[in-house]
Amino acid sequence: SAPAVENVDVVVVGGGPGGSTVATLLAKSGHRVIQLEKETFPRYQIGESLLPSTIHGVCRLLGVEEKIKDAGFMPKRGGSFRWGKNPVPWNFLFAISPEFAGEGSYAYQVERMKFDQILLEHSASSGVDVRQNCRVNGTEQDERGRVVGVRYVDADRVEHHVRAGYVVDASGNTTRLSKHAGGERIYSDFFQNVAIFGYFEGGKRLPAPDSGNILCAAFDEGWIWYIPLTDELTSVGAVISKSKADRLDAQESTLRGYIDRCAIVKDMLSDATRVTEGTYGQIRLRKDYSYANTRFWGNGMVLVGDAACFIDPVFSTGVHLATYSGVLAARSINSVLSGAMSEERAFGEFEGRYRREYAVFYEFLSAFYDMEQSEDSYFWKARRVTNLDRTDLAAFVSLVAGGYSGEDVLTDPDQIVEKFTASTRALTDATEKTGGMDTGSGQRMGHMFSAPVVRDVMEEMNALQARSAVGSNGVEPPLLEGGLVPSADGLAWAEPVAVTA
Ligand code: FAD
């Protein structure tokens, strides 16, 4: 007999942070949502270093902030870098950014098995019908080619059909559904890297207050991440150019080889042993992970997170982009399902904001990789900036904390007026504590600030600070020309109201 067909408002494919964000926000808005996940959680995933925008912005909007706080993850106050040709490491603290000054000046390093499970369980307790061990193996289309549902197979290999107004593809980098939105995946010409990673016990920690920082250390062939997950456990991965890694195997000796060529990480691991059992006992390899789809929505489908795009591990933007796009997608779906606006208007805003966030990080990370350029290259000389002012520094940290969009929902609306004064203080503190960027390698940051897109970001940051300083009461102007603004509860879009002077 033909299988029974269920009907819901939205089907979300994938139980990662992107999927749980969009599903939770849709359920909170009263929609019927089924979220399908092929694995049984906890399941392994890479992407352990998070940004404050995810913790203090999205997690708060989801209502899961307290559960995350109680989970005991390693607090991450910033990043430590040994980058460029200069041997001197430098730190940045999130406290330096105006959006995340004070309470929000940290993020976490997380074991994704735990973090993702908390979000998925929260999705279920928010009213989402979460089904694990259910693999989606295709979409269903109506006679005009619009996606109107999915087929999935449960743990007993029974096939099911679900019909929905929208299908959200949050199934990550291995998605086989994203093409049904009408676009295709384009791989980056610039980011063609390979990552090989594993786990160690007993690795050293940076001195306080930087002990929870991510350490990123460049060496001749690439760079290594060193992420303290607990007091004992450290995630270590080498990112190298694909061209230098053609015949790379997921073997301990390969990873060891890179560690041995990276003095600072070699030293950090001098008393450590590699974990060889359980989920963390495997050496893993990832490649072909830098791409973007040509369409983020279409035909009744919406792509969020890695199903849509990913750039590169440096600066830990993956979960930020996944959860932020989840928020944007939920707003657009809510706005259409409530009849408030057309698909084009609502999803145009989704795609516009999402692409903008992706693009600025893309440019920024490209510029960051360019710092490996030889110091006497023309490129380098032409862009040298010797003195960074504090505004630039704050803008830099706002960006790498995930506060670039200037969206209140990613920061803390209650702090918007206090932010400006707090930021000045935090900036002074942090600069004194860390030596800021006034080191040789700090100067090297300079050429990044002259990249046009990063300039734009900084101008926008300044405007944001100025708005905060005069007290905007949390009313945001549209981010895109002719675009929409978030509704008061942050869960949908609204037409901007003309402000009278
Ligand atoms: P995922 O977390 O991949 O979740 C997708 C889910 O969908 C999975 O649980 C999967 O089982 C499920 N699924 C897949 N197919 C189906 C199907 N057919 N049916 C049902 N379910 C399905 N990001 C950071 O923020 N910080 C970092 O430090 C960082 N480091 C990284 C290092 C490397 C080497 C790489 C490659 C990435 C890194 N990332 C990092 C990026 C991060 O891993 C991803 O951006 C993030 O996991 C994306 O979340 P997501 O929810 O989109 O997808």
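Refer to the structure above for everything that follows.
Report on the accompanying structure. (Residues numbered from 1 in each chain as written. Predicted model: local features only at pLDDT ≥ 70, side-chain atom pairs only at ≥ 80, totals over all residues. Heavy atoms only, no water.)

## What to know about the packing of helix α1 (residues 17–28) against helix α7 (residues 318–337)
The description of two helices packed together rests on the angle between their axes and the distance between the axes. The cut-off we apply is this: Only C-alpha atoms enter the line fits that serve as axes; for helices the fit covers just the stretch in contact. Angles between N-to-C directions range over 0 to 180 degrees. Secondary structure elements follow DSSP: runs of H or I of four or more residues count as helices, runs of E of two or more count as strands, with numbering from the N terminus. By the definition adopted for this analysis, an angle is roughly parallel if under 35 degrees, roughly antiparallel if over 145, roughly perpendicular if from 65 to 115, and oblique otherwise. Helix crossings are classified by the rotation of the near helix relative to the far one: an anticlockwise turn of less than a right angle makes the crossing left-handed, while a clockwise turn makes it right-handed. Residue contacts are counted whenever heavy atoms from the two residues lie within 4.5 Å of one another.
Direction vectors running N to C along α1 and α7 enclose 30 degrees, while the axes themselves pass 8 Å from each other. Judged by the inter-axis angle, α1 sits roughly parallel to α7. As α1 runs across α7, the sense of the crossing is right-handed. Touching Pro 17, Gly 18, Thr 21, Val 22, Leu 25 and Leu 26 of α1 are Val 319, Ala 322, Thr 323, Gly 326, Val 327, Ala 329, Ala 330, Ile 333 and Asn 334, all from α7.

## Overview of the nonpolar core
To keep it simple, the criterion reads: For our purposes a nonpolar core is just a set of buried Ala, Val, Leu, Ile, Met, Phe, Trp, Tyr and Cys residues, chained together by side-chain atoms within 4.5 Å. Relative accessibility thresholds used throughout: buried, under 20% of the residue-type maximum; exposed, over 50%; partly exposed, between the two (1.4 Å probe, protein chains only).
By size, the foremost hydrophobic cluster in this structure holds 113 residues, and its most contacted members are Ile 68, Phe 115 and Phe 350. With 12 residues, the single largest contributor to this core is helix α8 (residues 343–370). Residues in contact with Phe 115, not counting those within four places in the same chain, are Leu 50, Thr 54, Ile 55, Cys 59, Ile 68, Phe 73, Val 110 and Val 319. Listed in part, the 23 residues of the second largest apolar core include Leu 248, Leu 255, Cys 262 and Ile 283.

## Points about the sheet that holds strand β18 (residues 291–293)
Spelled out, the test is: Only strands that DSSP links by at least two bridges are regarded as paired with each other.
Read across the open sheet, the three strands follow the order β11-β18-β21; overall the sheet is antiparallel. Bordering the open sheet on either side are β11 (185–187) and β21 (309–310), each of which pairs with just one other strand. In terms of strand pairing, β18 meets β21 through two bridges, oriented antiparallel. Of the residues in β21, the one forming a bridge with Tyr 291 is Phe 310.

## Remarks on the packing of aromatic side chains
Threshold: Here the aromatic set is Phe, Tyr and Trp, taking the six-membered ring for Trp, and pairing holds for ring centres within 6.5 Å; pairs whose planes are under 30 degrees apart are stacked, those over 60 apart are edge-to-face, and all others are tilted. When the NZ atom of lysine or the CZ atom of arginine is within 6 Å of a ring's centre and also within 35 degrees of its normal, the charge is said to sit over that ring.
Under the defined criterion, the tally for this structure stands at 20 aromatic pairs. Between the aromatic rings of Phe 73 and Tyr 108, the centroid separation amounts to 6.1 Å while the plane-to-plane angle is 55 degrees, which identifies the pairing as tilted. Note that Phe 73 is positioned in the loop between α3 (65–70) and β3 (74–76) and Tyr 108 in strand β6 (residues 107–109), a separation of 35 residues in sequence. Judged by relative accessible area, Phe 73 falls into the buried class, the value being 8%. Taking the relative accessible area as the measure of exposure, Tyr 108 reaches 6% and is therefore buried. Aromatic pair Tyr 199 and Tyr 280: ring centres 4.3 Å apart, planes at 40 degrees, arrangement tilted. Placement of the pair is Tyr 199 in strand β12 (residues 193–201) and Tyr 280 in the loop between β16 (273–274) and β17 (284–287), with a sequence separation of 81 residues. For the pair Tyr 199 and Tyr 280, a shared accessibility class is recorded, and that class is buried. Grouped by ring-pair contacts, the aromatic residues Tyr 166, Phe 296, Trp 297, Phe 347, Phe 350 and Tyr 354 constitute a single cluster. Over the aromatic face of Trp 297 sits the side chain of Arg 295, whose NZ or CZ is 5.6 Å from the ring centroid. In this structure, Arg 355 packs its charged tip against the face of Phe 296, placed 3.9 Å from the ring centre.

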